[in-house]
Amino acid sequence: MADWTKEILNRLKKYSGHEVEYDSESVSVTCANDDHFAVSIYQFGDGFQVNFDGWHEHFEELSTALDCFAFGLSDQCRLKVILRGDTECAWTVQSQEETGWSDDTTTGLLVFPFWRSKRVEFRQNTLTLKK
């Protein structure tokens, strides 16, 4: 098991309200709150990929990937999901600012059912610090 995987698992031991799946090259966390989104990190080659449901970002540096992973589990992060009918077709990461939520990057499908009605959902993770 990679050192970075062990580090994530050790940090997650301080919290409750989530499930963790892992192997030697990835960690995936699913929170138990109703409006959650899955957060995962994968190592491939010399790089890393962080996923928040359908959103994803590639990183060359482990420290930056770990920061993004932790951000996805924090209350400072929210995921705006665009649906057409029941199909999720775009995911925008938002960060909490003094003035409210601010859009960051978006990942979207190239082909989606544009004729279906558009709907927006907001998802946010909640971890509880163990006492």
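For the structure itself, consult the block above.
Residues numbered from 1 in each chain as written. Predicted model: local features only at pLDDT ≥ 70, side-chain atom pairs only at ≥ 80, totals over all residues. Heavy atoms only, no water.

Digging into the sheet that holds strand S8 (residues 87–97)
Spatial strand order, S9-S8-S7-S10: 4 strands in an open sheet with antiparallel pairing. Each end of this open sheet is capped by a strand with a single partner; those strands are strand S9 (100–108) and strand S10 (118–123). Ignoring strand direction, the axes of neighbouring strands in this sheet form an average angle of 25°. Summarising the sheet, strand S7 (residues 77–84) and S10 pair through 6 bridges and their orientation is antiparallel. Across the sheet, Lys 80 pairs through a bridge with Phe 122, a residue of S10. (Pairing = 2+ DSSP bridges. Helix = DSSP H or I, 4+ residues; strand = E, 2+ residues; numbered from the N terminus. Axes fitted to C-alpha atoms, helices over the stretch in contact; angles between N-to-C directions.)

Points about the layout of surface pockets
Computed from the structure, the largest pocket encloses a volume of approximately 320 Å³. Taken together, the elements giving at least two residues each to the lining of the largest pocket come down to helix H1 (3–12) and helix H2 (62–73). (1 Å grid on protein atoms, 1.4 Å probe; cavity = no way out; pocket = protein on both sides within 12 Å on 5 of 7 lines; lining within 4 Å. Points joined across faces, edges and corners; volume = space filled by probe spheres on them.)

A few points about the side chain of Arg 123
For Arg 123, the position within the fold is in strand S10. A distance of 2.8 Å separates polar atoms of two side chains, one belonging to Arg 123 and the other to Glu 88. Within the local environment of Arg 123, its side chain forms a polar contact with the side chain of Glu 121, the two groups lying 2.8 Å apart. In contact with Arg 123, other than residues within four places in its own chain, are Asp 35, His 36, Phe 37, Asp 53, Arg 78, Leu 79, Val 81 and Glu 88. (Polar contact = N/O pair within 3.5 Å; in protein donor to acceptor, adjacent residues only side chain to side chain. Contact = heavy atoms within 4.5 Å.)

Section: the packing of aromatic side chains
Considering all chains together, one arrives at 4 aromatic pairs under this definition. Ring centres 5.7 Å apart and planes at 90° place the aromatic pair Trp 4 and Phe 48 in the edge-to-face group. Here Trp 4, found in helix H1, pairs with Phe 48, found in strand S5 (residues 47–52); they are 44 residues apart in sequence, far enough to count as distant. For Trp 4, a relative accessible area of 6% translates into the label buried. Geometrically, the ring pair formed by Phe 114 and Trp 115 is edge-to-face, given 5.3 Å between the ring centres and 80° between the ring planes. With respect to burial, Phe 114 and Trp 115 carry one shared label: exposed. Site record: aromatic cluster; members linked through ring pairs are Phe 37, Phe 52 and Trp 55. (Phe/Tyr/Trp six-rings, centres within 6.5 Å; stacked < 30°, edge-to-face > 60°. Buried < 20%, exposed > 50% of the residue type's maximum accessible area, 1.4 Å probe, protein only.)

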